[in-house]
Number of protein chains: 2
Amino acid sequence: MRVVIVGAGAAGLTLASNIRNNDEETEIVIFTKSEDIAYSPCAIPLVLGGCIDSFEDIIMHDSKHYLDKDIQIHLSTSVTGVDSSKKTVTFEKDGCTQTIIYDKLVLATGSEIVAPEFEVDDMDNVFSLTNINDGRIIQESLEGKKEIVFISNMSIGIESAYELARKGYDVTFLEQSFGILPLFLDGEMAGKLVELNEGVNFEINSNVTSISTNGSKKEIHYNDKIITADMVILPSNKVPSIFLAREAGCEIGDFGAVKINEFLETNVEDVYAIGDCVEVTSHVTGTPTVSPAGTTAVRQAIILSNNLAGNKLTFDPVVNTVVSKVGDYNYASSGITEAFANMIGLPVVSACIETCQKARYYPENNKLYVKMICKEDGTIVGCQMLSKGDISSRIDALSFIITDNMKCEEIIQKEFSYTPSLVMVVNPIVQISLEMMKKIKS
Amino acid sequence: MRVVIVGAGAAGLTLASNIRNNDEETEIVIFTKSEDIAYSPCAIPLVLGGCIDSFEDIIMHDSKHYLDKDIQIHLSTSVTGVDSSKKTVTFEKDGCTQTIIYDKLVLATGSEIVAPEFEVDDMDNVFSLTNINDGRIIQESLEGKKEIVFISNMSIGIESAYELARKGYDVTFLEQSFGILPLFLDGEMAGKLVELNEGVNFEINSNVTSISTNGSKKEIHYNDKIITADMVILPSNKVPSIFLAREAGCEIGDFGAVKINEFLETNVEDVYAIGDCVEVTSHVTGTPTVSPAGTTAVRQAIILSNNLAGNKLTFDPVVNTVVSKVGDYNYASSGITEAFANMIGLPVVSACIETCQKARYYPENNKLYVKMICKEDGTIVGCQMLSKGDISSRIDALSFIITDNMKCEEIIQKEFSYTPSLVMVVNPIVQISLEMMKKIKS
């Protein structure tokens, strides 16, 4: 059997490796436009900030690693067409057009950047920041610069803004929304995250209308104001890459992403799609959404590798569980925000607590801020956390809780671990559940 | 309504505080033999090691804190009898015997130390280590001592052994079992924990037969050998304190602990029991067991406070989820060990991995060792972890997983968070589940 995978991001490469882990026979062919593979986009800010030495350090494998595993990988190669009736893929490599037959085709084509809606008179010192090459270019361009303006960027941009501020740059972040990271944090938590951190000048509700050039300076026009900068990082608005999916005859959903069923199959026989290019279902609302996260891509890839080996594992609705580091603080989120609940007219109750990561008397402690969002019957639909400490596994527990439709009163029945040097005896998730139970009762 | 609580450990005090949080009317009376309340026994090793300055620091509240909340607390008071037909409790305070009527009686009497089976010729420089006062006495006795021998102690003892070794004492730990912490760790994980740490001389399978005195030295006789020491810490074998429960007419189970139903009610009307003195059910085996852990006590207390307020929350079977710090490493465990599965004849498969806490390329990383135990159908019944990093919430996720009877193939369908500075993109729990799936398939 030959599996052809288009795309070598987290989805495509994880799929290839897991197919190979499951069996040694399947022929695996990957096509990617990129020259860079197997790196972690989430680590780009850490290189810009100097926490990790170089961009080469965040590349986990080169193509030889895959060839050694008998995975054929074609770098700098464009797939130009799919004929799903003949089960062929056409690609261009080194100026030649070639065709290959597939038994199974997996579209892991990811997403692409949309140009910003405002005008930019000259792209000199104006940069995108979405992939490793963008990172390299920005790093090379930093010399002699002082003032940097980021515009409405998502996680990578916000994280990079703080990392560059830490290095001494004068950083302003113009955010179009009511707060940073609006998909993951409600206003008060986003505000708290900004308040706790230092170094970046945030301006929320900033509507950028144009970027003009004045000598060596850029002028960013927003809200009838102008800010000057040596360097501008553009918004990273992305849309799913669906050109090939359309070619193959795959159905496209309302979000402009490929429709798949729970087994990650498209409507076209033997054509699968995973990663940023697909539409998924929101666990809380039951409606279609997108989940352009490395974790979703990896999870889909592992499930699909099992299904291609004859299993029937399902990819279940998502709760978008995330964690990341902004400045000195980690933020984490799972489920929906209160703002989103309000937007869709879902009646919810929310509670916030400020507590500790470790036992109160323990030295080297970190504060922990938690917000929980419940339906009126107590079913937990969202949770957000901030702390200098490690909250990744704590939000994972919430991911399980939300996916299981648990009510806050069920949390107090759950068993948590305890030791003073790591966590309080009444677990913070239990603390906020008790707070929530009081609110719901009253 | 008057609730009388006997015992002011984690169970009794948490119950009192949570009853008061729920309503301001209930009259709450607590009796305790002890003078010290509201401290964390788990923090005793941290004080001995100097990580926390003094024993006073681990006392979270004094009795005034409870009086201010209108909770009557009688320190240094022995409850000598219960008459459940008259609903009275008799107690001795300041040499006087008094009687009080209860509407609801909660037995949170904890456990008591059993004298070791071997002979000790002279208790000079021989100490118990289970409560804060033991800690104070040991701390005061350390001066001028060099060689310390611990005998078959549980968590507090092992942790204290490493903390004292860190301070320069010459520490030997004689463990009667095949490895340390046999309730929580299988032999290879216990061995790994000892191997990774430095400073304590462990001898497993050590059968101590007597302690004799030779001048200022103690001689510990075990396995036909003798080791000398300046100071000996005795085993901390405990049994449930059930004298009052018997007085009240409560049924006692095979483990010598008070039988309760899922609502934490004893067989005697209006008499409840929580904490170390009760028998609970093991989730994995469905059979009675004990769970003498602060977390179990606190969870039972929170649930009972809700039930006394008219709810009907259940205390579900336990998986004994623990985390603690031994030397430089944290260990964590949930569910049953492979050794226990073998002992009860449950066929299981196990897998071990050595992985990282953070993304492989991230500096300041910690290794993470994971062992998973599954039934032959893939249902996860146990997990053990070791790391220098925070594994408390990670084992909590396993606690949920084991309680939900999840199979390892379901884990790969679950959503986990990811960011390079905190956790790998393929979560360690997913990594071990993939390893386990391979083992089960083959």
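Residues numbered from 1 in each chain as written. Chains lettered and ligands numbered in written order. Predicted model: local features only at pLDDT ≥ 70, side-chain atom pairs only at ≥ 80, totals over all residues. Heavy atoms only, no water.

Trainee: Could you clarify how one ought to interpret the overall build of chain A in this entry?
Mentor: On a plain count of helices and strands, chain A comes out with 12 helices and 26 strands. In terms of C-alpha radius of gyration, chain A reaches 23 Å, essentially the compact-globule figure of 22 Å for 442 residues. Dimensions of chain A, computed from the C-alpha atoms along their principal axes, are close to 65 × 60 × 40 Å. Counting across all 442 residues of chain A, residues that qualify as buried make up 58%. Partitioning the contacts of chain A with sequence separation of at least 6, the portion at a separation of at least 24 is 62%. Accessible area for chain A stands at about 17,300 Å²; split by element, carbon and sulfur atoms hold 46% of it. Counting 36 positive and 61 negative side-chain charges, chain A places the averaged centre of each group 5 Å from the other. (Helix = DSSP H or I, 4+ residues; strand = E, 2+ residues; numbered from the N terminus. Rg over C-alpha atoms; globule rule 2.2 N^0.38 Å. Buried < 20%, exposed > 50% of the residue type's maximum accessible area, 1.4 Å probe, protein only. Contact = heavy atoms within 4.5 Å. Areas by Shrake-Rupley, 256 points an atom, 1.4 Å probe, with all protein chains shown as cover. Lys, Arg positive; Asp, Glu negative; His and termini not counted. Charge placed at Lys NZ, Arg CZ, Asp CG, Glu CD.)

Trainee: Help me understand the packing of aromatic side chains in this model?
Mentor: Aromatic rings considered in pairs are described by the distance between their centres and by the relative angle of their planes. The full count for this structure, using the stated rule, is 10 aromatic pairs over all chains. When the ring of tyrosine 162 of chain B is compared with that of phenylalanine 202 of chain B, the centres are 5.9 Å apart and the planes differ by 35°; the resulting orientation is tilted. Within this pair, whereas tyrosine 162 of chain B is found in helix α5 (residues 155-166), its partner phenylalanine 202 of chain B is found in strand β13 (residues 200-203), the two being separated by 40 residues in sequence. On the basis of relative accessibility, which here comes to 15%, the residue phenylalanine 202 of chain B falls in the buried class. Ring centres of phenylalanine 173 of chain B and phenylalanine 202 of chain B lie 5.0 Å apart, and the angle between their planes is 40°; on these two criteria the pair is classed as tilted. Taken together, the positions of phenylalanine 173 of chain B in strand β12 (residues 170-174) and phenylalanine 202 of chain B in strand β13 put the pair 29 residues apart, joining distant regions of the chain. Put simply, the rings of Phe150, Tyr162, Phe173 and Phe202 of chain A touch in pairs and so form one group of aromatic residues. A cation sits over an aromatic face here: lysine 312 of chain B above phenylalanine 263 of chain B, 4.2 Å from the ring centre. Against the face of phenylalanine 400 of chain A rests lysine 414 of chain B, its NZ or CZ located 5.5 Å from the ring centre. (Phe/Tyr/Trp six-rings, centres within 6.5 Å; stacked < 30°, edge-to-face > 60°. Lys NZ or Arg CZ within 6 Å of the ring centre and 35° of its normal.)

Trainee: What is the right way to read the packing of helix α1 (residues 10-22) of chain A against helix α8 (residues 294-308) of chain A from this model?
Mentor: All names here are of chain A. One way to put it is that α1 packs onto α8 with a least axis distance of 8 Å and a crossing angle of 30°. Taken together, the axes of α1 and α8 lie roughly parallel to each other. Between α1 and α8 the crossing geometry is right-handed. Every residue of α8 that contacts α1 at Ala10, Ala11, Thr14, Leu15, Asn18, Ile19 and Asn22 is listed here: Gly294, Ala297, Val298, Ala301, Ile302, Leu304, Ser305, Asn306 and Leu308. (Axes fitted to C-alpha atoms, helices over the stretch in contact; angles between N-to-C directions. Parallel < 35°, antiparallel > 145°, perpendicular 65-115°, else oblique. Left-handed = near helix turned anticlockwise from the far one by under 90°.)

Trainee: Would you take a moment to explain the interface of chain A and chain B for this structure?
Mentor: For interface size, the figure often reported is the accessible area lost on association. Opposite the 70 residues of chain A that make contact, chain B presents 70 residues. Regarding the contact of chain A and chain B, the summed buried area is about 5,900 Å², with carbon and sulfur atoms giving 60% of it. Contact with chain B buries surface across chain A, with Tyr361, Phe400 and Glu415 of chain A losing the most and accounting together for 15% of the total. Our count for the chain A to chain B interface comes out at 4 salt bridges. (Buried area = accessible area lost by both parts, 1.4 Å probe. Salt bridge = Lys/Arg side-chain N within 4 Å of Asp/Glu carboxyl O.)

Trainee: Looking at this model, I keep getting lost on the sheet that holds strand β6 (residues 96-101) of chain B. Mind explaining?
Mentor: Two pairing modes exist for strands in a sheet, parallel and antiparallel, and in both the strands are linked by backbone hydrogen bonds. Residues and elements named next belong to chain B. One open sheet holds the 3 strands; their spatial order is β4-β5-β6, and the pairing between them is antiparallel. Edge strands, defined here as strands with exactly one partner in the open sheet, are β4 (78-83) and β6. With strand direction ignored, the average angle separating the axes of adjacent strands in the sheet is 25°. With 6 bridges connecting them, strand β5 (residues 88-93) and β6 associate as antiparallel partners. Looking at the pairing, valine 89 lines up with isoleucine 100 of β6. (Pairing = 2+ DSSP bridges.)

Trainee: Please explain the side chain of serine 141 of chain A as it appears in this structure.
Mentor: Residue and element names in this part refer to chain A. With respect to the helices and strands, the residue serine 141 is situated in helix α4 (residues 132-141). Engagement of the side chain of serine 141 in a polar contact is seen with the backbone oxygen of isoleucine 137, the distance being 2.6 Å. Sequence-distant contacts of serine 141, defined by excluding residues within four places in its chain, comprise Phe127 and Met231. (Polar contact = N/O pair within 3.5 Å; in protein donor to acceptor, adjacent residues only side chain to side chain.)

Trainee: Looking at this model, I keep getting lost on the pattern of salt bridges. Mind explaining?
Mentor: Opposite charge on two side chains makes pairing possible when the charged atoms of those side chains draw close. Here the structure, examined in full by the defined rule, presents 40 salt bridges over all chains. The shortest N-O distance in the salt bridge between lysine 104 of chain B and aspartate 270 of chain B comes to 2.9 Å. With lysine 104 of chain B in strand β7 (residues 104-107) and aspartate 270 of chain B in the loop between α7 (243-248) and β19 (271-273), this pair connects stretches of sequence that are 166 residues apart. Of the two residues, lysine 104 of chain B and aspartate 270 of chain B, neither departs from the other in class, the shared state being buried. Here the salt bridges do not stand alone but share partners, grouping Asp186, Glu188, Glu338 and Lys371 of chain A into one network.

Trainee: Explanation requested: the domain arrangement of chain A in the structure shown.
Mentor: Here chain A is partitioned into domain 1 (2-34 + 76-112 + 238-308), domain 2 (115-233) and domain 3 (328-441). Inter-centroid distance (C-alpha atoms) of domain 1 of chain A to domain 2 of chain A is 32 Å. (Domains from an automatic or database assignment.)

Trainee: Explanation requested: the sheet that holds strand β22 (residues 322-326) of chain B in the structure shown.
Mentor: Residues and elements named next belong to chain B. Taken in spatial order, the 5 strands of this open sheet run β22-β23-β26-β25-β24, and their pairing is antiparallel. With partners counted over all chains shown, the strands left at the sheet margins are β22 and β24 (348-356), one partner each. Sheet twist, expressed as the average angle between the axes of neighbouring strands with direction ignored, equals 15°. Bridge count for β24 against strand β25 (residues 367-375) is 9 bridges, and the pairing is antiparallel. Counterpart to isoleucine 353 in the pairing with β25 is valine 370. Strands in contact with helix α10 (residues 392-403) are β22, β23 (329-335), β25 and β26 (380-387); relative to β26, the strand with the most contacts, it is inclined by about 175°.

Trainee: How should I be thinking about the relation of the copies chain A and chain B in this particular structure?
Mentor: A rotation about some axis, followed by a shift along it, carries one copy of the chain onto the other. Structural alignment of chain A on chain B gives an RMSD of 0.0 Å, achieved by rotating through 180° and translating 0.0 Å along the axis. Overall, the copies show the geometry of a two-fold rotation axis. Interface overlap between copies is the fraction of interface residues in one copy that are interface residues in the other; for chain A against chain B it reaches 100%, indicating a shared surface. (Least-squares fit on C-alpha atoms with pLDDT ≥ 70 in both.)

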